[in-house]
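A structural walkthrough
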Amino acid sequence: MEKGKEILYLSKTDVEKVGLSMKDVIGYLEEAFTEKGKGNFEMPPKPGLHTKGDAFIHAMPCYIPKMKAAGIKWVSGYPENLSKYNLPYITGLLILNCPETGVPLAVMDCVWITAMRTGAASGLSAKYLAKEDSKVAGIIGTGVQARTQLEALNEVCPNLTDVLCYDIVPRQMELFVEEMQPKVPRLKLTLVDNAKTAVADSDIVVTAGPIHKNPVPTIEKEWFKEGCLGLPVDFDSYWHPAAMRLADKFYVDDTRQFEYYKTVGYFKDVPKVLGDLGELVTGQVPARERDDERIIAMNLGLALDDMATAVNIYKLALAKGIGTVLPL
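Reference entry: report on the structure contained in this document. (Residues numbered from 1 in each chain as written. Predicted model: local features only at pLDDT ≥ 70, side-chain atom pairs only at ≥ 80, totals over all residues. Heavy atoms only, no water.)

1. A closer look at the sheet that holds strand 12 (residues 249-252)
One open sheet holds the 8 strands; their spatial order is 9-8-7-10-11-14-12-13, and the pairing between them is parallel. Two strands in the sheet have a free side with no partner beyond their single neighbour: strand 9 (188-191) and strand 13 (275-276). Bridging between strand 8 (residues 162-166) and strand 9 involves 4 bridges; their strand directions are parallel. Counterpart to Cys165 in the pairing with strand 9 is Leu191. (Pairing = 2+ DSSP bridges. Helix = DSSP H or I, 4+ residues; strand = E, 2+ residues; numbered from the N terminus.)

2. Describing a nonpolar patch on the surface
On the surface, Met1, Leu318 and Val325 cluster together into a nonpolar patch covering about 250 Å² of accessible area. Along the chain, Leu318 turns up in helix 11 (residues 303-320). (Patch = residues over 30% accessible without salt bridge, like charges linked within 9 Å, V, L, I, M, F, W, Y side chains within 5 Å. Areas by Shrake-Rupley, 256 points an atom, 1.4 Å probe, with all protein chains shown as cover. Salt bridge = Lys/Arg side-chain N within 4 Å of Asp/Glu carboxyl O.)

3. As for the packing of aromatic side chains
Enumeration according to the criterion identifies 10 aromatic pairs in this entry. Between Phe235 and Phe267, the ring centres sit 5.1 Å apart and the planes meet at 25°, which makes this aromatic pair stacked. Taken as a pair, Phe235 in the loop between strand 11 (229-232) and helix 8 (241-244) and Phe267 in the loop between helix 9 (255-263) and strand 13 lie far apart in primary sequence, 32 residues in all. Accessibility expressed as a relative area gives 3% for Phe235, which makes it buried. Assessed through its relative accessible area of 3%, Phe267 is described here as buried. Between the aromatic rings of Tyr266 and Phe267, the centroid separation amounts to 6.3 Å while the plane-to-plane angle is 50°, which identifies the pairing as tilted. (Phe/Tyr/Trp six-rings, centres within 6.5 Å; stacked < 30°, edge-to-face > 60°. Buried < 20%, exposed > 50% of the residue type's maximum accessible area, 1.4 Å probe, protein only.)

4. Let's talk about the packing of helix 2 (residues 22-38) against helix 4 (residues 111-129)
When two helices pack together, their arrangement is given by the angle between the helix axes and the distance between those axes. Relative orientation of the contacting elements helix 2 and helix 4 amounts to 70°, with a least axis distance of 9 Å. Accordingly, the angle class assigned to the pair helix 2 and helix 4 is roughly perpendicular. The interaxial crossing formed by helix 2 with helix 4 has right-handed handedness. Contact residues: helix 2 offers Met22, Val25, Ile26, Leu29, Glu30 and Phe33, while helix 4 offers Met116, Arg117, Gly119, Ala120, Ala121, Leu124, Lys127 and Tyr128. (Axes fitted to C-alpha atoms, helices over the stretch in contact; angles between N-to-C directions. Parallel < 35°, antiparallel > 145°, perpendicular 65-115°, else oblique. Left-handed = near helix turned anticlockwise from the far one by under 90°. Contact = heavy atoms within 4.5 Å.)

5. A look at the sheet that holds strand 3 (residues 56-64)
The pairing of strands in a sheet happens through backbone hydrogen bonds and is either parallel or antiparallel. Spatially, 7 strands are ordered 2-3-4-5-6-1-15 in an open sheet, and the strand pairing comes out mixed. Two strands lie at the open edges of the sheet, namely strand 2 (48-49) and strand 15 (324-327), each paired on one side alone.

6. Some remarks on the pairing of strand 1 (residues 6-10)
Working note: regular strand, side chains alternate between the two faces of the sheet. As paired strands, strand 1 and strand 15 are joined by 4 bridges and run antiparallel to one another. Bridge pairing in strand 15 links Tyr9 to Thr324. Across 3 bridges, the pairing between strand 1 and strand 6 (residues 104-109) is parallel. Residue pairing across strands places Leu10 opposite Met108, the latter belonging to strand 6.

7. Considerations on the nonpolar core
Formed by 78 residues in total, the largest nonpolar core has its most connected members in Ile64, Met108, Leu150, Leu153, Val163, Leu189 and Ile313. Of all the elements, helix 11 adds the most residues to this core, at 9 residues. Beyond its immediate stretch of four places on either side in the chain, Leu153 contacts Ala126, Ala137, Leu160, Arg186, Ile204, Val206 and Leu231. (Core = buried A, V, L, I, M, F, W, Y, C linked by side-chain atoms within 4.5 Å.)

This is the structure:
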C-alpha cells in the first residue's frame, strides 16, 4: 500500500480470515482497559440516531495512543431485521485512521469485531469477578452474541463444566448447541425450557437478547443466587430492578457512557456503579472479595474495544496480504 493514498478494505470474510482467537481479543481488551484505567485514551460517549422503535445507529470514535489505534465505528442494531428482511440484527463499518496524519488506513466490516469484542469484554469481566470455582453458566438469548459469550467463558473459566441455554425460539437454541458444542467439547451444553432454569442454579448468567429502552424484564430477584456473576449484554432488558438491586457490586465498562445513556431514558432503576472495567483491571476498585457476593458487570460496548481489536486485524491483514487495496 502507498501510505496516505490508498486504503485497505476488509470484508466480513476478510476480517474472519485474519484468524484472531478469543484469547487474542481478550488480551487486546485487557491492554486497552489498562490504558483506560490510567487515563491514556480519548473516547466521547457515543451519539446515535434512532429511526424506529428499539433500533439504533451509533457513531463510536476512540483513540488509544499506546496501541496507535484511532478511528470510528458506525454501527446499527435493528431487532426486526432477521424476521422481516432476512438481515442481521447488527451491521456496520469501521474506519481506522493513522494517528500521525489522520489519513484513513482501512475500512472494514464491523460485525465480527462487534460480536468478538463484546464476548471478550464479558470474558475479561469474568476473569476478575466470577468465583474461581464457577461450574455452571446460564445463557439466555442464543443468537450471534451468545456464541462469543460462550467462547469467552470457555477461555477464562477453567472450572466451568455445564452451560444451560434458553431462548424463546426453540429452533434457535437447537442451532446454537449444534454449532457450539463441537467448539467447546469440555463443556456440556443443555437446552432448558424456561429462563428460571437457566438462571437459578448458575454461577454465571449471561443475557444476550435485543436491547429495549423500555424493557419488560424476566429475571426475578429470587433467581439471582448468592455468588452469581450477572453479565447483561442487553443492558437491563432482561433483569427486574429488584434482582439488579440484590447485587453487592455493580460495574460498567465506562461510567461516563453509562451516565449518558441515563440522560436519554435508559437505566431508570439500576444499582449505583462501583467502578468501570478500566478501574477494575488497574486495581482502582476492588474485584470479587467473597464467594457469596452477587455481582453484575454491565458492559455497554465501547469504541475502545473496537479500536483495540481493529488495529490488530489491520496489522495482520497487511502481513498476510488479506483484503482489497483501494485508492483514496
